Structure formats: C-alpha cells, structure tokens
Amino acid sequence: MNDDAASDDALAPIRALRRDAEQTAAALPVLLARAERLAATVILGAHGRRRSGHGETFWQYRHAMPGDPLPSVDWRRSARSESALFVRETEWEAAQTVSIWCDRSQAMAYRSDPRLETKAERAAELAAALSLLLMRGGERLALIGTPAGRPSVGQAQLTRVLHALVQSEDEDFGAPPRFSARRGGWAVFISDFFGDEAALTQAIRETASQGLSGILLQVVDPAEESFPFDGRVLFESMARRLRYETDRAGAMRDDYRDALAARRARLRETARKLGWLFAEHRTDQSAAPAMLWLWQGLSSDMVSRGGGGGR
Amino acid sequence: MTSLGGIGFLQPLFLIGLLLLPLLWWLLRATPPSPRRVRFPGVAVLLGLEDRESTPRRTPLWLLILRCLAAALLLLAFSEPLLNPKARLAEDGPLLLVMDGGWGDAAEWDARRRTALDFAEQAAERERPVAFVSLAAAEVAPERLEFAAAEAAIELIAALQPQPWAPDPTRIGTALEAFESGDRAGPIEVIWLHDGLAHEGDEAIAGRLQALGSLRMIGPVAPPLALAPPQIRDGKMYVSALRAEAAGARAVRIAAIGAPRASEEDEDVDLVAAATRAERRLSTVEATFAEGALRAEVEIDLPTAIRNALSRLEIVGELSASGAPAAHAGAAQLLDDRWRRRTVALVSGEIGQESQPLLSGLHYLRAALAPHAAYREARLAQALGASSTERRGASAEEFGALAGWADAIVLSDIGRLDQETEDALIGWVEKGGLLIRFAGVKLAALAEEELGYSGQALEESPLLPTRLRGGGRALGGALSWESPQPLRAFPETSPFFGLEVGPEVTVKRQVLAEPGPELSERVWAALADGTPLVTAKSLGEGRVVLFHVTANAEWSSLPLSGLFVEMMGRLVSVAPALAASEASLAEDARSWTPVRLMDGFGRVADAPGEAAPLPGESLAQGVRIGVAPGLYETETESGEIASLALSALDEDDILAPRAPPPLGAASETLSGEGETPLKPWLLSAATSLLLLDILAALLVAGRLRTRHAALALATAAALGAWAAPQPSMAQAQTEQRGGEAAADEDRRVDPAEQYAALETVLAYVVTSDPAVDRVSSAGLLGLSAALYQRTAIEPGEPAGVDLEIDDISVFAILYWPITSRQPDLTDNAIRKLNAFMRTGGLLVVDTRDAHQTFGGGGGGPNEGHLRRLLSRLDLPRLEPVRPEHVLTRTYYILDELPGRWRGAVWVEATNRARGPLPGGRRALFEAAANDGVSPIIIGAADWAGAWAITDDGDYLYPMGQGGDRQREYAYRFGVNLAMYAFTGNYKSDQVHIPALLDRLGN
C-alpha cells in the first residue's frame, strides 16, 4: 500500500504531463477540424494561392499598366500583338514567412456566456485556420512566443503550431513577444489587446521596424463591448491580479465604452501609421468573415507588395 | 413566565436582546452588502476610469429596517410568546390544588378543569408532590392532605364533576392544622380555583393557605348568576335572578319549563298523553337587573293550567366569559306544588240569583278568590242540590271531571248531596282536596231535618267538620235581645292566625255546632261568645272547612269585609296540603326519597337507585354538601305522595363576590381560551423577511434579474408558507391529505345534499315568498319535533329546496305551499318532480286557503295558481280522501285531516274509484304504481301553519276554528303523513292478515 502510494507520488508529474497531453491531444482534432472547416470557406471564396506573385511558373500575361517596370515586359508576347505591351506574370511561389502571435493569456479565456466560445478558442481557431492555409501554400510559418516560434514549413510545423495553440499561458494579459524575422515577412497579431498599451505599441513598432507588414485582429467578447453590469460589483482580471470596485456599475457603462473606443482608436491609428491592418472581431459573430478578412488582407497585401514592390 | 396583556413569554430573557437592536442597526448600517465579484478582462480598460457615481458605502434605509425587523421577530419568537397563556407554576416544592367544585364552578367547568389539569401536569413534569382537594366533594372532609405523585391528582381532576351544592371552605380547616403545626418540609404552593362567590369561611381559609407558602387565587372573569326560588305573592309568581357584583343594567332570560297536561277535554290516555307531557319550554321571560342592583325580579305570567304544569325555571342564554353556555345548578330551580296557583271550583246551591248578583254568595266568593286563585264555576247547582234522580248519574260524572282539575271546591249553601256525588266528593277530599262549605238555608234545613228524624244530632257527616244543631240561631233580630256578635281573635292553631279582626265584622245568624270533645280543636274562627264561625277537620289527606255563615251578606257582614278576602287567601294557600313547607319539615320525621336530582350543571335526571332517603329535618336545612337539589318525595300517612323541590339557593340567599385574596396572594382570572403559541408564526414571519432580505441583497448587488426575481419571490412565498405553523411535524401527512382532498374534489357532494341523504329530512319547496317559506320551515320543524317525540322517525332539521336547482331525489316528503308569486316551473323542474313522484316521493301540495272557501271544498284564491303550477306535471287521477283511505290510519285513526283550517284532501284515485275491473273482480291491491301509495296529496288546510313552532317551542299561529284540539289533529295528520310516506301501505296490508292466516291454516 505504501509502495503504491510512493510510486503514485513518483509518477504524479508524469501522470499530470500525460493528462495534459491527452487533453491537448483531445483538443487538437477539434481545433484542426474547425480550422479546416474555416479554411475551406476561404478557399472556396478566393481560390487560395492560385494567383500571380513571385514564382517561376507562368501564371498569365496581362496588359502592361503604367508604372510596371520595364524589365517585367514580356517582349515576345508583346511582339505578337499589334500595339499592346504584355507583362508576364508568374505564379506566386516565393515562400513567405508569416509570424503569428496568438494571445494565449488568461484574459483570453473569458466568455460572458457559456454558449459562446472563449476569446482564446476563437483566436486559436482563426490562427489554426490561417496556419493551415499557409501551410498548404507552402509558406514559412512561425507561432511566435511558443516552441513553434522558428519559421518553418510542412506538416510538422503545422502540428507544432497546433500544439502550441491549445496551450495557455499564466499571464493575466498578453503582449507580443520580441522576435526577429526576415524583412518582408508578415506579422499577424490576434489578441484582445487589453494588455499594457505601451508595451503593445512598442512591440508593434519594433516588429514594423524589422520591415514586416502586419495585421492586428482584436478578438473581444460581446460583454467586453456592451458592459452589461449593474450595482455593486468588484471586477477582477482573470488571474485576479487587477481589481476594480464600483457601487454602481451601471453608471460606469458609458465611461467604459468610451475608454474602450479610445483604446481602439489609438490602436487603429498606430496600425494605420505603420501601414498595418486592424480589425475587430466579436466572439458572438461568425468566424468566417474574420478569416476571410485575414486571408484577403494577407494576400492582397502580398500581391500589392509582391507584384508592385518588385522585391 | 412574564405576561404582557394577553401575551405571556416563556423565555422573557430573550426580550433583553431587543435592546441590542440599535447596535445591530449601527452595524448593519456600517456594513454594506458585499459586492458581487466578477471576473472580467475589461477591467484593464476600467482601471483608468474614475467612479463618478460613488455613493457612500452604506446599507439603504429600507434594507436596514427590513433586517432589524427580522431580527426583532426572531428575538420575539425565541422568547416563546403565548397568546392567552396557560397559568403556569412558578415554584418548586409541594403543590396544593384547591377547587371549589360547587355549582358556581359549573359555569366554566371545562376551563377550570383544564387549568387544574395543566397545573397538575406541570407538577408531574417536575415531579412535584401534589395534593388535590375539592371543597364541595361529597365525601367526608379530609382529615389530612396527602401529598402524592401528581398522576393521582390528574386522575382525580379528570374524573371530577361539579357538585350541585355550594362549597364549604372550612372543610379543610382540620387538614390544614397538620401543616400549620410545622409538619411540612418547606413552603407549599397553593392554587385555589374558586367560583368568584363568597362562601362561609373562605377568607379565613385563604389567610391560612397563604401562610403555608404562597397562594394564587384563580377566579372567573365574572361570578355566575343564580336564580332564587320563585315566590307567590297575591297569587302571582315572581322569580328573581341574583348576581354577585352590582354592575350595570343587564337583562337575563329565564325559561319556564314544564310538561303541560293534555287538555282536560282530551279523553285519550294513550301514547299521545305521554308524548305531549314531555317537558318543553313553555315561556321565556326577561328579568332586568337595574344598574347597581343585585336582584332582578320578574313575574311569570302564565295561564293557571300552564303555570301549574311548570316543573322548573332556569336562566337561559347566560354565557360565560369564554362564550360557553353557563348552565349550572344555581341557575335552575325546580318547582313543586308550593308554587302552583290553585284552581278553585265554585259550586252554588242557590237558584235564580243570577238576576240579583249582590244577593248571590258566588259574587262575594269570586271577589275574594280573584287575587289568590283561579276559579271556575261549575254548573252543578241543580244537579247537586236537586233530588231529581234521573240527573244523578250525570252529576256524579260531571263531578268526577270537576275533581280532576280543582284544588279546592267551594260549596255554597248546598244541603244534601246524593250518595254518588257524596262518595265522589269524599274520595276527592281524602286524596287531599280542600272542601270549603258555606252554610245557608239549605244546610240549616238539612240539620233541622236530621234532627227531626231522630230527635238528636245524628252521626257526624263526613263532609261536615262538626255535627250541627238544628235551626241555628239568629242574633240581633227584632225578637232577640242579643246583639250581633263580632269575631274573636283567631286561635294560634288556625291558619287565619295573625289576621286583624276588625269590629266591623258582625254575625247576625249562624248554624250552630253540636258541642263535643273534639269541637274546640276544630274551630278555626269563633265569635266573641265562643260559638264557632269556621270549623275544619281533616278527612284523609284533605280537609273539610265549614263557614257557619252564608257566602253572601245575608247572615253576616263577613263577606263584605277585607278580612274575608284574606281568609280566603289563607285557605287557598293551604289548599292541597300535599306539598310540605320547609318550616314544617323541621319536625318532620318522615324520610324523603330523592326522585329527580340535579347535577352541578343544572341538569335534572332521575335519581340513581342508590340515592338514600333523607329525613325531613335534614331537608329543612336546605341544600348543602351531600344534599343535592332536586325533587324529593315522601309517602304521607295516608299513602299519598308528597313532593318537595329543593333548590340550590334559599329564598333569603344572596350572592356576594369573593373577598379579595389576602395580602401577598396572587389573584388571577381564568383564561377561557386555550393558549396559542406565537413562536411558529413569528418564526415564519422572520423567515419570510430573511428571504426577502436575500432578494433585497441581490437587488442591491445588482444581481437580480427580473425573471429571476419572480422565481425568487415565488420561492420565498412558498418557503414562508411552508415555515408557517403547521401542526407540529405532520407536514407530510398534511400534504398527503391535501392531495387526497384534491382528488376528492372531483366527486365532492354538496354538504346540504349529503345531510339530506344521510338524515331523514322533511323538505319544503322554496317559493318566491319569504314569509311562506318561513312558515313552511317552522311548520316542518314542528312536525319533525312531533315525529321525534311520538314515533320512531327521528327527522333532522327541515330543508328548503329550490325545485330548479336542488336535487330533490334525496327526500321522501316534499311540502309545497302554493303561492301566487311562484313563477312557472321550467322543464327541468317538471322532469325532476315527475321522477320524484314516480320513484316513491310524496308531494304534499297545500293551497292554504280553505278558510276562504265554502266548507273547504276548493275554489280558493290559490286554486288558479295550483292549476298553473301543476298543469304540466304528470299527475294521476285524483279523488277526495275516503274514510277508509290508508292515510287516515297509518298511525292514528283520523276522521278528518285538518290543518289550521278544515278542507277536503285529494289523493290519487284508487282502482275502486275507477270502476270495477273487467269481469267484476275487485282488485286485491288497490293502486298499482308505488304499491298504491299516492304520490301526491293536495289540500288547502295550511298544515304548516298548524305545525309551525318557534325555536323556543311556542306555536306560531293560532288555530282556525277547532282550537288546540284541532292542532293536535293536525299533528296527528302530519304523523300519519310521514308514516304514509315512509311505510306506504303497510297498514292496508294488515287488513289482509286474517285472510292470509286463514289460508296458512288451511
């Protein structure tokens, strides 16, 4: 009996690890399935990667437009026509590096109604779907701040990303970690952005300064927008590190909404200045539009920069 | 226990907690309700915000009040308040329970006994030794008071009944001496439940009890009323109610109860006589206590025959403080012959004096008797006086009837009686009658005649107190030098003793008595010269009294004087000497056997067989312990029965309130109601408030959403109801019963119908005329009472039915008075009535208008309405009741079927009325349907009016032509009717018994 107890004690960490692993493994197929479903909506809508870009395979000829650099003109094709110049476009083949930061802090674990997904679930779903699409497109993928933080391609990297997505952090609020990436890459930040504003702005600026384009997707719970509280309330952050007490929460509603709007406006302004994209997403909305927006934002920008930038 | 108004507290210490309420108030005020904790990531956004609406963190006032109220209720609940608290024992040590136990306690007996039991049970819980003593117990006074386990006392108290006599507090005097001499362990707690009336020696005993330890005297809210024996003054009967405390004006109802004899013309001696002699309330009078008066006197003014039938008087409707009827022996009075108003028969031998009334002796007799007695003149003058032999038999018979009702007979100047009459008269006197004779020409002639035959006075006539000398004498005539003689003062042996003899009374002529040895003791009044004026002798139980003068003013001026009136009054009052007066009891050595005894509650019952006879001198001391009020009888020397009624109070008794208890003793009042613990109610109220407080706290914290609020309120209400005091822990059962009740709801029966179905109930049709309905109800009540008394049918309260609404199938008889105001029947009612008649119901239709028709033959004003209402019914052919109809002999044999009026009665026509059957056979059984019982009886005699009685048993309406005799016949018809309805043709079947027996024999 004692032996059993002792062996129990010895095995406890392993057991916990295994239990976590099993939970994670159980969550993974769910995440994968949802991500695939979400990704499918995007593929059906935009035909994915089959578009012009950096690459070696011919994609299409098009009429040269003013501003097209001269070397891009395909003279052979242009000679066959009477007057127009044609530009030869290749299919986009260049592997891009997309660095995703998905906030997995405690604050993301919030949901105001059990019928809703938590913010973390929604963010992970979006990030996973995005990863899935990127992986199929052969892009280099990194989930920064996690073991999958090194950009890589392939199924293995996707698996690592998915594993990382279903694990949460102990932090109360999340902030994008520092990371280094090759210029021309992409940064996708998915978070509620309720963390320290200065740190967030700092992180965005640093990322941008490395020459990365970026997309900010703010995922919030409906209650975080509507503030449906009343009476005497003690508000606590999810890890209980922050507190705020009021006697008449109802009277605070307008102030809160104003403060939230101001915060978003500042964030949007920051993004606009850096040429980044910013969007808001509520967990009570369907994930598909947000996914589509993410994908379109990512690819259109790539097109505009990949084609136009000539890099 | 602490008491506050009608509320007592078992744990008064908790009340001190109420002082802490202000502290609680302060605490609650300083401690606002805890905030609701919400985990909310948006807090990061909030952090920079300033809370502009920051209110002081205090509890709202209404919430404070709510919570303090809940706390106060809880404290009150735990102090265990009791509404109408039971008296409780205060101390330890031995407990002595003293109860008066007399008739004064009977008024609130249940409350007293409960209180005493409570005490004893409390003592039992604490294992205190208890002694119980009733001061009115019939046993011998206790020598010692034994303190024993309380269980013994509980048994004693539970079996205790109030005694019909007053308690005697001095009885425990000797027993107390043992304790007073120091033979006790410690102080004794004494509780004395008394009746609020003063009794001899109670103050001294109270003082001695108080000295034993502590004394609590518990009395009623008000001492009971009592009834003094009635008094006869100037021939009228007065009764007095007594009270102990001179309070404000108050009226008391006194009921006169008796069994009136069947009227003298009623020659039936069967069941009827017995039935009508059942006791009932004959009259109710109201005596009013003037403000501050202790005695309220009222005259009981009843016709002589009814007054003579009274057997008792009692105070009715007296309610004790607790609302229960306060019947007790002190409020009831039994009556015996002493209180009867005498009836005197006047028989005169004078002939042809009617035209000259002042010459008639009867005139003076009437005037003299009127204040004292009822009198009736018997028309026997010729029969008794004349010698015509053919009238002899008739006169004897008539005299027999006379003797039936007269207490005294006055024969004014009647000489010879025929032998038969004389025998009857002698027999009557020997049974106790008083015969008063006046002399006159005929009596004088008789004496002369007898003397003439033999030359000397003959054998003394039994109907004359003395032998008479022939001729008499005349004084103060023209040929006499003797002047008219005045009267001598009355001798002590005379009943007239004490009356003033004035000089204005003179005697001119008289018949003389033959001197003899016994004469002197037979003289009740004499003239100044010693010659007797009134002589008397006993004859059997009765007396024969002779005035030696005439009843008119011819021979003397006596009949003109006031003295004559008083003398007649004295005479009448001694008339039937059967009833003994208490004064004469003192030297009465006869033993009196109790016949009917009263218990403490004033109920009269036949004395138990083991009730021992008591000597007269014992009764003379009145009711006391061991001598119960009641009716006692003894056999006189002649074998007659004399009766004596003893009452709880003597004529000169008064009621006095109990003296206040000695200094230091507690005086309390008996609480009528049982105690009601208020704790459960308070607890449930507090629980409800606390539940409300939960809601309120939620509201304050903003956690209350409207749809939750309704749910919470409902829960609170349900919990409050659940916590409300249900009898102890039987909640599960209660709920179960509730479930059953709900299940029963589907098949629930109207209680009125249920009553009608379970009881035998006479029913009447409710018409649209309330006055008629009242008569119907009262009439059926009267008939029900008659049925109850006379037959095996024991009906309940009559019921009124609305033909349109009610189910009439549960009744057997439906009485239907026809009024002009009843609207036509609906089809539904017609169907019900047809079914009722088809299935054996009896519909009695009464148009009540026979007095408005010729000879009761129909055609009265209501006949049109009868046709209107009955036209659509499925009626059989009708015929008038034939003399041989079963209805005339189901119980009584009747010649006619009258109500208040007389009139024809119609029933279903029998086969005979329909003509002979084919082949000339006569139907063996007359009508086929319903075994020949007519489903409908139609008449016009206003039967209900004849039957109608009030709740007090008085008749509501006078009878039409036939008087009470007809009322009796109306009742008999009613009895026959009920028998007809319930037994059908049973009687007519009996007609065939001889034939059946004959056939069996063959």
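Here the structure is a predicted model, which is why all the values come from computation and not from measurement.

Trainee: When you look at the overall build of chain B in this model, what are you seeing that I'm missing?
Mentor: Of regular secondary structure, chain B possesses 31 helices and 40 strands. Looking at chain B alone, contacts between residues at least 24 apart form 77% of all its contacts between residues at least 6 apart. Summed over all atoms, the accessible surface of chain B reaches about 47600 Å², with 55% contributed by carbon and sulfur.

Trainee: Explain the interface of chain A and chain B here, please?
Mentor: Often, the extent of an interface is quoted as the loss of accessible area upon association of its parts. With 33 residues of chain A in contact, the opposing surface of chain B contributes 26 residues. Here chain A meets chain B over a buried area of about 2900 Å², counting both sides, of which 60% is carbon and sulfur. If you look at where chain A meets chain B, you find 1 salt bridge. One salt bridge in this structure joins A:Glu236 and B:Arg37, with 2.8 Å as the shortest N-O distance.

Trainee: How should the sheet that holds strand β8 (residues 243-246) of chain A be read in this particular structure?
Mentor: The strands that make up a sheet pair up through hydrogen bonds in the backbone, lying either parallel or antiparallel. Strand order in the open sheet made by the 3 strands is β8(A)-β7(A)-β3(B), with mixed pairing throughout. Here the strands that pair on one side only, and so sit at the sheet edges, are β8 of chain A together with β3 (36-39) of chain B. Shown here is a sheet whose adjacent strand axes are inclined to one another by a mean of 20°, direction ignored. Where strand β7 (residues 233-236) of chain A and β3(B) come together, 4 bridges link them in parallel fashion. Of the residues in β3(B), the one forming a bridge with A:Phe235 is B:Val38.

Trainee: Could you clarify how one ought to interpret the packing of helix α4 (residues 61-78) of chain B against helix α21 (residues 679-700) of chain B in this entry?
Mentor: Helix packing for two helices is described by the angle between their axes and how far apart those axes are. Residue and element names in this part refer to chain B. For the pair α4 and α21, interaxial distance at closest approach is 8 Å and the crossing angle is 155°. Here α21 runs roughly antiparallel to α4, going by the angle between their axes. In terms of crossing hand, the pair formed by α4 and α21 is left-handed.

Trainee: Which parts of the structure should I look at to understand the packing of aromatic side chains?
Mentor: To describe a pair of aromatic rings, you give the distance between the ring centres and the angle between the ring planes. Within this structure, the stated rule accounts for 22 aromatic pairs over all chains. Summarising the aromatic geometry, the rings of B:Phe496 and B:Trp524 are spaced 6.0 Å apart at their centres and angled 90° between planes, so their arrangement reads as edge-to-face. With B:Phe496 in the loop between β21 (485-486) and β22 (506-507) and B:Trp524 in strand β24 (residues 523-526), the pair connects residues that are 28 residues apart, well separated along the chain. With a centroid separation of 5.1 Å and an interplanar angle of 80°, the aromatic rings of B:Tyr891 and B:Tyr892 are classed as edge-to-face. Owing to a relative accessible area of 27%, B:Tyr891 belongs among the partly exposed residues under this scheme. In textbook terms, an aromatic cluster arises when at least three aromatic residues are bridged by ring pairs, as seen for A:Tyr110, A:Phe227, A:Phe229, A:Phe235, A:Tyr256 and B:Phe40. In this structure, B:Arg972 packs its charged tip against the face of B:Tyr892, placed 4.8 Å from the ring centre.

Trainee: Explanation requested: the sheet that holds strand β19 (residues 434-438) of chain B in the structure shown.
Mentor: All names here are of chain B. Read across the sheet, 7 strands follow the order β17-β16-β18-β19-β26-β25-β24 without closing on themselves; strand pairing throughout is mixed. Either end of the sheet is taken by a strand with one partner, and the two such strands are β17 (374-377) and β24. Strand after strand, the sheet turns through a mean of 15° between neighbouring axes, direction not considered. As defined by bridge partners, strand β16 (residues 343-348) adjoins strand β18 (residues 408-412) across 5 bridges and the pair is classed as parallel. Within β18, the residue paired with Ser 348 across the bridge is Ser 412.

Trainee: Even after reading the chapter, I still don't get the environment of A:Pro151, so can you show me in this structure?
Mentor: Residues and elements named next belong to chain A. If you trace the backbone, Pro 151 turns up in the loop between β4 (140-143) and α4 (154-165). In this structure, the C-alpha to C-alpha distance between Pro 151 and Thr 97, residues 54 residues apart in sequence, is 6.6 Å. What Pro 151 contacts, discounting residues up to four positions off in sequence, is Thr 97, Arg 140, Leu 141 and Ala 142.

Trainee: What's the story with unusual backbone geometry in this structure? I'm lost.
Mentor: Across the chain, the bulk of peptide bonds are trans and the bulk of non-glycine residues have phi less than zero. The phi angle at A:Phe193 is positive, at roughly 55°, despite the residue not being glycine. For A:Phe193, the position within the fold is in the loop between β5 (186-191) and α5 (197-209). In this structure, B:Glu127 is a non-glycine residue whose phi angle is positive, near 55°. Tracing the sequence through the fold places B:Glu127 in the loop between α6 (109-125) and β6 (130-134).

Trainee: What should I look at first to understand the environment of A:Leu116 in this one?
Mentor: All names here are of chain A. Position of Leu 116 among the secondary structure elements: in the loop between β3 (97-102) and α3 (119-136). Under the relative-accessibility criterion, Leu 116 is labelled buried at 17%. Residues Leu 116 and Asp 284, spaced 168 residues apart in sequence, show a C-alpha to C-alpha distance of 6.4 Å. The residues contacting Leu 116, other than those within four sequence positions of it, are Arg 111, Asp 221, Pro 222, Thr 283 and Asp 284.

Trainee: For this particular structure, what's the right way to read the nonpolar core?
Mentor: Proteins that are soluble and globular tend to have nonpolar side chains buried together. In this structure, B:Phe547 and B:Met568 are the most contacted members of the largest nonpolar core, which totals 46 residues. With 6 residues, helix α18 (residues 562-573) of chain B is the largest single contributor of residues to this core. Setting aside residues up to four positions removed in sequence, B:Met568 forms contacts with B:Leu365, B:Ala368, B:Leu369, B:His372, B:Ile436, B:Phe438 and B:Phe547. Among the nonpolar cores identified, the runner-up in size contains 40 residues, and A:Ala35, A:Ala127, A:Leu132 and A:Val219 belong to it.

Trainee: Teacher, can you tell me more about the environment of A:Leu165 here?
Mentor: Among the structural elements, A:Leu165 can be located in helix α4. Along the sequence, A:Leu165 and A:Glu121 sit 44 residues apart, while their C-alpha atoms lie 9.0 Å from each other.

Trainee: Would you mind going over the confidence of the model for chain B with me for this structure?
Mentor: The predicted structure's coordinates, where accompanied by low pLDDT, should not be read in detail. All names here are of chain B. Of the residues in chain B, 76% have a pLDDT of 70 or more, and the chain-wide mean is 75. Predicted confidence for residues 262-276 stays below pLDDT 50, and this span has 16 contacts to residues more than four positions away or in other chains. Across residues 320-324, confidence stays below pLDDT 50; counting only partners more than four residues off in sequence or on other chains, it has 10 contacts. With a pTM of 0.43, the predicted complex shows an ipTM of 0.72.

Trainee: I'm lost on the pairing of strand β13 (residues 295-300) of chain B in this one. Help?
Mentor: On a regular strand, one side chain projects to one face of the sheet and the next to the other, so that they alternate. Residue and element names in this part refer to chain B. Burial along β13 is one-sided: Ala 296, Val 298 and Ile 300 are buried, while Arg 295, Glu 297 and Glu 299, pointing the other way, are not. Note that strand β10 (residues 236-242) and β13 share 6 bridges and pair antiparallel. Across the sheet, residue Met 237 finds its bridge partner in β13, namely Ile 300.

Trainee: Even after reading the chapter, I still don't get α21(B), so can you show me in this structure?
Mentor: An α-helix turns once per 3.6 residues; consequently, residues spaced three or four apart project the same way. In this model α21(B) runs 30 Å from its N-terminal to its C-terminal C-alpha over 22 residues, within 8% of the 32 Å that 1.5 Å per residue would give. When we look at burial in α21(B), the residues that qualify are B:Leu682, B:Ser684, B:Ala686, B:Leu689, B:Leu691, B:Asp693, B:Leu695 and B:Ala696.

Trainee: I tried to follow a nonpolar patch on the surface on my own but got confused; where do I start?
Mentor: Among the surface-exposed residues, B:Leu20, B:Leu23, B:Trp26 and B:Leu27 lie close enough to one another that they form a single nonpolar patch of about 450 Å² accessible area. As for its placement among the helices and strands, B:Leu27 is situated in helix α2 (residues 21-30).

Trainee: Explanation requested: the pattern of salt bridges in the structure shown.
Mentor: Working definition: two side chains of opposite charge can pair if their charged atoms are close together. Residue and element names in this part refer to chain A. One pass over the structure, following the stated rule, counts 35 salt bridges over all chains. Its salt-bridge partner being Asp 192, residue Lys 119 comes within 2.7 Å of it at the nearest N-O pair. Within this pair, whereas Lys 119 is found in helix α3, its partner Asp 192 is found in the loop between β5 and α5, the two being separated by 73 residues in sequence. Both residues of the pair, Lys 119 and Asp 192, belong to the buried class. When salt bridges with common partners are traced through the structure, they connect Glu 225, Arg 264, Arg 268, Glu 280, Arg 282 and Asp 284 into a single cluster.

Trainee: Could you clarify how one ought to interpret the side chain of B:His885 in this entry?
Mentor: Note that B:His885 resides in the loop between β38 (878-880) and β39 (906-908). For B:His885, a relative accessible area of 9% puts it in the buried group.

Trainee: Looking at this structure, I do not really get helix α29 (residues 963-983) of chain B. What am I missing?
Mentor: Residues and elements named next belong to chain B. Across its 21 residues, α29 extends 30 Å between first and last C-alpha, which sits within 8% of the 30 Å expected from 1.5 Å per residue. With 15 of 21 residues buried, α29 is to be regarded as a mostly interior element. After α29 finishes, the residue Gly 984 shows a positive phi value of roughly 65°.

Trainee: What am I meant to see in the packing of α6(B) against helix α7 (residues 150-159) of chain B here?
Mentor: Residues and elements named next belong to chain B. The interhelical angle for the contact between α6 and α7, taken along N-to-C directions, is 170°, at an axis separation of 9 Å. Between α6 and α7, the angle is such that the two are roughly antiparallel. In this structure, the crossing between α6 and α7 has a hand that is left-handed. Residues Arg 113, Ala 116, Leu 117, Ala 120, Glu 121, Ala 123 and Ala 124 of α6 form the contact with α7, whose own contacting residues are Ala 150, Glu 151, Ile 154, Ile 157 and Ala 158. By residue class, the composition of the contact of α6 with α7 is 9 nonpolar, no polar and 3 charged.

Trainee: Looking at this structure, how should I read the confidence of the model for chain A?
Mentor: Residues and elements named next belong to chain A. Residues at a pLDDT of 70 or more form 82% of chain A, whose mean pLDDT is 79. Long-range and interchain partners of residues 44-48, a stretch whose pLDDT sits below 50, account for 4 contacts in this model, where long-range means more than four residues apart. Every residue in residues 302-311 is under pLDDT 50, and counting partners more than four places away or in other chains gives 21 contacts.

Conventions and cut-offs
- Residues numbered from 1 in each chain as written.
- Chains lettered and ligands numbered in written order.
- Predicted model: local features only at pLDDT ≥ 70, side-chain atom pairs only at ≥ 80, totals over all residues.
- Heavy atoms only, no water.
- Helix = DSSP H or I, 4+ residues; strand = E, 2+ residues; numbered from the N terminus.
- Contact = heavy atoms within 4.5 Å.
- Areas by Shrake-Rupley, 256 points an atom, 1.4 Å probe, with all protein chains shown as cover.
- Buried area = accessible area lost by both parts, 1.4 Å probe.
- Salt bridge = Lys/Arg side-chain N within 4 Å of Asp/Glu carboxyl O.
- Pairing = 2+ DSSP bridges.
- Axes fitted to C-alpha atoms, helices over the stretch in contact; angles between N-to-C directions.
- Parallel < 35°, antiparallel > 145°, perpendicular 65-115°, else oblique.
- Left-handed = near helix turned anticlockwise from the far one by under 90°.
- Phe/Tyr/Trp six-rings, centres within 6.5 Å; stacked < 30°, edge-to-face > 60°.
- Buried < 20%, exposed > 50% of the residue type's maximum accessible area, 1.4 Å probe, protein only.
- Lys NZ or Arg CZ within 6 Å of the ring centre and 35° of its normal.
- Core = buried A, V, L, I, M, F, W, Y, C linked by side-chain atoms within 4.5 Å.
- pLDDT = per-residue confidence, 0-100.
- Expected span 1.5 Å × (residues − 1).
- Patch = residues over 30% accessible without salt bridge, like charges linked within 9 Å, V, L, I, M, F, W, Y side chains within 5 Å.
- Nonpolar A, V, L, I, M, F, W, Y, C, P; charged D, E, K, R; others polar.

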